[in-house]
Structures are given as structure tokens and as C-alpha cells.
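Coordinates in review
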Amino acid sequence: MESLMAVSIGVLFATAIYMMLRRSIVKLVIGLMLLSNAANLLIFTTAGMRRGAPPLVPEGLGAPTSAVADPLPQALVLTAIVIAFGVLSFAVVLVRRAWEVVRADDLDQMKDTDT
Amino acid sequence: MTPQIALPILIPLFAGALSLVCWRSRTMQRLIAVGGTAGLLITSCWLLMTVNREGIQVMQVGGWSAPFGISLVADLLGAIMVVLTGVIGLAVALFSLASIGRGHQDYGYFPLMHLLLAGVAGAFLTGDIFNLYVWFEVMLVASFALLILGSEKPQMEGAIKYVTLNLVSSVLFLVAVGLLYGMVGTLNMADIARRLASLEDTGMVDVLAMMFMVAFGIKAAAFPLFFWLPASYHTPPVAVSALFAGLLTKVGVYALFRVFTLIFHHSPGYTHEILQWGAALTMLSGVLGAAAQFEFRRILSFHIVSQIGYMILGLALFTPLAILGGVFYIVHHIIVKTNLFLISGIVQRLRGSYRLEALGGVYRDHPWLAVLFLVSALSLAGMPPLSGFFAKFIVIRAGLEAEAYGVTAIALLVGLLTLYSMTKIWNEAFWKAPPDDEADRVPPRQVGQRELWLMGAPVVGLAICTLVIGLQPDALYALAEASAAQLLAPERYIEAVLGTPGGGV
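The structure displayed is predicted, hence computed values, not measured ones.

1. Let's talk about the overall build of chain B
Tallying secondary structure elements over chain B gives 21 helices and 2 strands in all. Against the 2.2 N^0.38 benchmark of 23 Å for 505 residues, chain B shows a C-alpha radius of gyration of 22 Å, consistent with a compact globule. Taken along its principal axes, the extent of the C-alpha atoms in chain B is 75 × 55 × 40 Å. In chain B, buried positions account for 64% of the 505 residues. Long-range pairs, those at least 24 residues apart, make up 81% of the contacts in chain B with a sequence separation of at least 6. Of the roughly 16800 Å² that chain B leaves accessible, carbon and sulfur atoms contribute 67%. Taking the 27 positively charged and 27 negatively charged side chains of chain B as two groups, their mean positions are separated by 10 Å.

Set out below in C-alpha cells:
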């Protein structure tokens, strides 16, 4: 399972970077989305994958009796998803406004402020 | 229980919420802006006094003991940075009363400003690495919206680069946090430091250190990761530029200081060597970029980059004197750089342009403004007896003592080139006669006395800060020395947070 996850994270990162290197700003935003998803999957995987061991404490005890899945990375991923959602929706609106103002979907035509 | 740790975060958050409630009343929003930032300044001074007197202050949010809950930690560096946030917040709030147009105020300038300040203060005070990520994002989202306020073409072009590179940096940071959690199983920075110290496999730790260095290097605008900064900082309204110039990149520098003194200090021969050459190239590329520019704010933007190099150099040399110099430099830089941006805003208001060839004759018409510019510009270049002289002097002396002669030579050269850029602005904007050419001349705009006072007051205040630091550097020196001592003794931080002596697990 871990190796499958590792490969898919790698593919996601590679796709994201490929998309971000294109000149189109729409593809740039798609790249950013893939990038944040890749990061989320990576956090999920690094904390260790464990099947069928919910982090539940049996009644009357102070700690779980056997090894359980770590719930914290899932909380982190959840936070990261929410943040990424907010930021990416901003990015989508930005790309739309940029298109309205600049009338181009091409980063090569947006270099007036660079020099 | 120490409420003053949470107050610098809560006050801007609350002020931001309050000004959202008063969305329709411009007057209320303006009052809240001044009141909120003044409150931030007062509570942060209180926090700094407490930390200075009683040592590192810790607050376990929600009563969950560390390392299980989120800790807010204020050591001297954090407290100093929060005080500066208050100073800059108040100065910019006063300045924006006169300089931010009604259109921008109606689109939520003031709530966003409060949110930005809350994010910055939170990043300085948190003791939890994932929480640091969250505060970074709070700050970033507010800065995105501030950057495109007005939606003009250059703002859009700048914003796309700014947003993209900052998001890439955030993702890198997040990935690094995830990998770090996978290795040590904790997110509390003090606990991470304690557990990493007893880890055998340092190869992976170096990889993580580099990931953090790149992530924070993008935020701090270090070489070769700074290209988003000169592309975007000169596009928004000038009060926003000043706020960004003073605070945002310094959050990245602060994060570098925090992480590379507390967590990744095991192999300075590797990580800090890279930081050192990064710092040298940052200084050099920033100042050379500025030399090629002929627009007021673009020159200043490139100088932010070159100044970041000095601060990182202070961290990279990693001696008590160097860290002291780095902290001193941060304080000096935040005040001076914000002030220069504010002055460029006043000049633009009076003359209607940022382009140096269209400017001229400001000294003849407004000598007081020229004097204020001269104080800040010479301080930036490092002329005695202004604050920049002592900041540069300490860093360069630390470089000589650490026998890093190459880097020190670059730092000296960059100081000279900074002077060149500042004289260029002085000659073109203040000294030369206004251009005769009709095409170049922009008709001077009428500016009311009240507006001029509102914009002038924060500039005068910040210039006085520079002068006071320059004439009486002892107080700040002592403070910076104590904070450097704290940074170089991470076990005190760990002990304050976890309540147990550092060392073994």
C-alpha cells in the first residue's frame, strides 16, 4: 500500500510541476491544485498506514491497548485541505480577473512588472 | 496565566471582525484601524517588558499541556518582532487614513490589514510548527487580497507571480512538516528539537533542513528565490507596499532564525555554510538589481532583497555577535524600509509619479520631506550615527571575527552600492530641477494640509525611531544581545515550553 501511495504522490508532484511550467495561467492553477493534493497525500502517508485500527480507547481504560492509527495527520490534512480550498478559490478568481484585465492566458504577455 | 501573549493576536483579529461588522461606516472602520493597531502596540510593549523581566513566557492554549496542545511562546526575539508589528501597524494605519482611496476602503482595506497583522503576530508567537503554517496562510490570504486591491493591470501581473511562488513555498513547508512529523511524531517545536537531538540518522534531518530553508527562503526573498518580490511590491497602493515591505519578508527571516537556531543546529558546517553563501548572493543580486532601476518603489523593493541578505548573514555566521547583529538589523530594517516606502508615497502624492525622471525639485518645495528621506536613506546605507551604521557594523564585525572574509567583503561592497542607489533617488527626485519637458511633467496635485499631516506624522515618528536607535544604541544592543543569548541556548526555550530540562527524551 505504501509503495502504491508513494508512486501516486510522485506522479502527482510531477504532473503538478509539469503543469506549472506551462505558459498558460489556467494550467498554472491546475498545477497548484495538484501540488496541494500531492502534499496532503504525502502527510497522510508519512504518518504510517494502518488498516482497521481506529484510535479508540476501551471503556474504563486511560490508553488504547494495542497500536492504533494516528489520528493527528488526518486532522492536519483536513486543516490543509480547508486552507488549500480557500487559497485556490482565490487563485481561480485571480486568474479570471487577470484574464479580464490583461486579455491573455499567456504568462509571456505578463512580464511588464518584471524588469 | 499570561494574557499578554495572546492579546497581540486577539486584538487585530477582533479589530478585523469589528471592522467587518462596520462594513458600511467608513468613519468607524478608520477609528477601529487606529484603535486596534494602537492596542496591538501597547500590548506588545507590555509583552516585551514581561519577557525581558521574567524570561520566556509560555501559554498552553486551551489548557492542553505541551506537547499535546498548541503552545504560544514569546521569547525575546518573538516579543521584539511583535512590538515592531505594532509600530508598523500603527504607522501604516495612520498613513492609510489619508492615502487609501475611498474605493479601496469600501472593498475592505482595513479588515484585511487587521487580518494581516494578526497573521504576522501569530507567526511570531506560536511554538507549534503546524500552527506556524496556519498563521503563514492567514497572513498570505490577507496579503493576496491587499495586493490586488484596485485590480489594475500591473497588480494582476504581479499578483500571479506572488501568489504562485508563495503557494509553492507553502506546499514545500507543509511537505516538510509532514515528513518531520513522520520522523519524530510531534509538532511542538521544542519537542521536535528535543527528539531530533537524540536521533541517529542525520542524513534525513539535513534533507528536512534544506526543505525548510527553501520554503522560508522563498518567503524571506533570499537568492535565488526572490523574483516574486520585485515583480509585485511596487504595484499595490503605497500603504500596502509599506506594510508588506516592513513585515512580510521578515516573517520568513524570523522563521529561518527560529528553525535554524532551535531545531536544525546540529550540522552548522553544512546548513549554515549554504545560508552564508545564499546571504552573500542575496545581498549582491538585490543591490545590483536596484542599480538598474529608475522607479522609486522598484529601487526600494530590490533593496529589501539586498537587506535580507545581511539578516541571513547574521544567522549564518552563527556566533553570538552575529545573531545579535542579525536581530539588530531586523529591527533597524523594518523601521527604515517602511519609512522609505511611506516617503515614496508622499512624493507620489505631491508629484503624481514614481518615475524618477518625472520627479524633481521636491527639496525646493518641501525641504522637510527631503530631510526625512535623507535620514532614512542614509540609515539604510549605513551612515553613522544612524541605526543602519550600528546594524551593519555589528554584522560586519561578526563576519571578521568569524574569519569569513569573502562574505564580509561583499557586505561592505553592498553597503557602498546601497549608498549609490540612495544618492540616485536623492539626485533625481529631490535635488534636480523639475523636468522642463512637457511630456514628462505630471501636474502637481493639490494636497490638503490635513492629509499632509496624517501622512507626515508616521514618517516623522519612524524617522525619530531611527535617530534614537542611532544615537542611543545601547538599549537595543542589550536587548538584541539577550535575545541572541536565548537563541543560542535552545535548551532554555525547550525547558520553558515543556517544563523539563532539555537533552534526553
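2. Thoughts on empty space enclosed by the protein
Enumeration according to the criterion identifies 4 cavities of 30 Å³ or more in this entry. When its volume is computed, the largest cavity comes out at roughly 140 Å³. In this structure, the largest cavity is lined by 14 residues; those nearest its centre are A:Ser36, A:Ala84, B:Tyr133, B:Leu167 and B:Val171. Contributing elements (two or more residues each) for the lining of the largest cavity: helix H2 (25–46) and helix H3 (72–102) of chain A together with helix H6 (129–147) and helix H7 (153–184) of chain B. With 5 residues, the top contributor of residues to the lining of the largest cavity is H3(A). In terms of residue class, the lining of the largest cavity is made up of 10 nonpolar, 3 polar and 1 charged. Reported here for the second largest cavity is a volume of approximately 50 Å³. Looking at the lining of the second largest cavity, the elements that each hand over two or more residues are H6, H7 and helix H11 (238–262) of chain B.

3. Re the environment of B:Ile11
Residues and elements named next belong to chain B. Relative to the elements of secondary structure, isoleucine 11 occurs in helix H1 (residues 3–21). For the pair isoleucine 11 and leucine 117, spaced 106 residues apart in sequence, the C-alpha to C-alpha distance is 9.6 Å. Other than its neighbours up to four places away in sequence, isoleucine 11 contacts Gly36, Gly39, Leu40 and Thr43.

4. Points about the interface of chain B and chain A
How big an interface is tends to be stated in terms of accessible area lost as the parts join. Facing 36 residues of chain B, the contacting portion of chain A comprises 35 residues. Between chain B and chain A lies a buried interface of about 2900 Å² when both sides are counted; carbon and sulfur atoms form 78% of it. Inspection of the chain B/chain A interface yields 0 salt bridges. Summed over the shared surface of chain B and chain A, the result is 3 residue pairs in polar contact (both at pLDDT 80 or more). Only H6, H7 and helix H10 (228–232) of chain B provide two or more residues apiece to the side of chain B that touches chain A. In terms of residues, the side of chain B that touches chain A owes the most to one element, H7(B), which gives 19 residues.

5. Focus on the confidence of the model for chain B
For chain B, per-residue confidence averages 89 on the pLDDT scale, and 97% of positions sit at 70 or higher. Scored as a whole, the predicted complex attains pTM 0.93, and scored at its interfaces, ipTM 0.93.

6. Observations regarding the packing of helix H8 (residues 189–197) of chain B against helix H21 (residues 490–498) of chain B
All names here are of chain B. Between H8 and H21, the shortest axis-to-axis distance is 9 Å and the interhelical angle comes to 125 degrees. With respect to H21, the element H8 is oriented oblique. Note that H8 runs across H21; the crossing there is left-handed. When H8 is examined against H21, the residues Met189, Ala190, Asp191, Ala193 and Arg194 are found in contact with a partner set consisting of Tyr493, Ile494, Val497 and Leu498. Looking at side-chain class alone, the contact of H8 with H21 contains 7 nonpolar, no polar and 2 charged residues.

7. Concerning the pattern of salt bridges
Note that side chains of opposite charge can pair when their charged atoms are close. Applying the stated criterion across every chain, the model contains 16 salt bridges over all chains. Shared partners join several salt bridges into a network, and the residues in it are A:Arg23, A:Asp106 and A:Asp108.

8. Comments concerning the packing of aromatic side chains
Residue and element names in this part refer to chain B. Using the criterion set out here, one finds 28 aromatic pairs over all chains in the structure. A ring pair is formed by phenylalanine 124 and tyrosine 254, whose centres lie 5.0 Å apart and whose planes are at 75 degrees; its orientation type is edge-to-face. In this pair, phenylalanine 124 sits in helix H5 (residues 109–125) while tyrosine 254 sits in helix H11, placing the two residues 130 residues apart along the sequence. The burial state of phenylalanine 124 is the same as that of tyrosine 254; both residues are buried. Where tyrosine 233 meets phenylalanine 244, the ring centres are 5.8 Å apart and the plane angle is 55 degrees; that geometry is what we call tilted. Highlighted residues: tyrosine 233 in the loop between H10 and H11 and phenylalanine 244 in helix H11, separated in sequence by 11 residues. On the accessibility criterion, tyrosine 233 (1% relative accessible area) is buried. The exposure class assigned to phenylalanine 244 is buried, which follows from its relative accessible area of 0%. Against the face of tyrosine 354 rests arginine 297, its NZ or CZ located 4.2 Å from the ring centre.

9. Considering the environment of B:Ala220
Residue and element names in this part refer to chain B. Tracing the sequence through the fold places alanine 220 in helix H9 (residues 202–220). Given the relative accessible area of 0%, alanine 220 is considered buried. Separated by 35 residues in the primary sequence, alanine 220 and alanine 255 place their C-alpha atoms 8.8 Å from one another.

10. Quick look at the side chain of B:Asp191
Note that B:Asp191 resides in helix H8. If sequence neighbours within four positions are ignored, B:Asp191 has contacts with B:Pro67, B:Thr186 and B:Leu498.

11. Describing H6(B)
Residues and elements named next belong to chain B. An ideal rise of 1.5 Å per residue puts 27 Å on 19 residues; H6 measures up with 26 Å between its terminal C-alpha atoms. Counting buried positions over the 19 residues of H6 gives 15, a clear majority of the element. A side-chain oxygen of the first residue of H6 lies 3.1 Å from the backbone nitrogen of phenylalanine 130; this N-cap is aspartate 128.

What counts and how
Residues numbered from 1 in each chain as written. Chains lettered and ligands numbered in written order. Predicted model: local features only at pLDDT ≥ 70, side-chain atom pairs only at ≥ 80, totals over all residues. Heavy atoms only, no water. Helix = DSSP H or I, 4+ residues; strand = E, 2+ residues; numbered from the N terminus. Rg over C-alpha atoms; globule rule 2.2 N^0.38 Å. Buried < 20%, exposed > 50% of the residue type's maximum accessible area, 1.4 Å probe, protein only. Contact = heavy atoms within 4.5 Å. Areas by Shrake-Rupley, 256 points an atom, 1.4 Å probe, with all protein chains shown as cover. Lys, Arg positive; Asp, Glu negative; His and termini not counted. Charge placed at Lys NZ, Arg CZ, Asp CG, Glu CD. 1 Å grid on protein atoms, 1.4 Å probe; cavity = no way out; pocket = protein on both sides within 12 Å on 5 of 7 lines; lining within 4 Å. Points joined across faces, edges and corners; volume = space filled by probe spheres on them. Nonpolar A, V, L, I, M, F, W, Y, C, P; charged D, E, K, R; others polar. Buried area = accessible area lost by both parts, 1.4 Å probe. Salt bridge = Lys/Arg side-chain N within 4 Å of Asp/Glu carboxyl O. Polar contact = N/O pair within 3.5 Å; in protein donor to acceptor, adjacent residues only side chain to side chain. pLDDT = per-residue confidence, 0-100. Axes fitted to C-alpha atoms, helices over the stretch in contact; angles between N-to-C directions. Parallel < 35°, antiparallel > 145°, perpendicular 65-115°, else oblique. Left-handed = near helix turned anticlockwise from the far one by under 90°. Phe/Tyr/Trp six-rings, centres within 6.5 Å; stacked < 30°, edge-to-face > 60°. Lys NZ or Arg CZ within 6 Å of the ring centre and 35° of its normal. Expected span 1.5 Å × (residues − 1).

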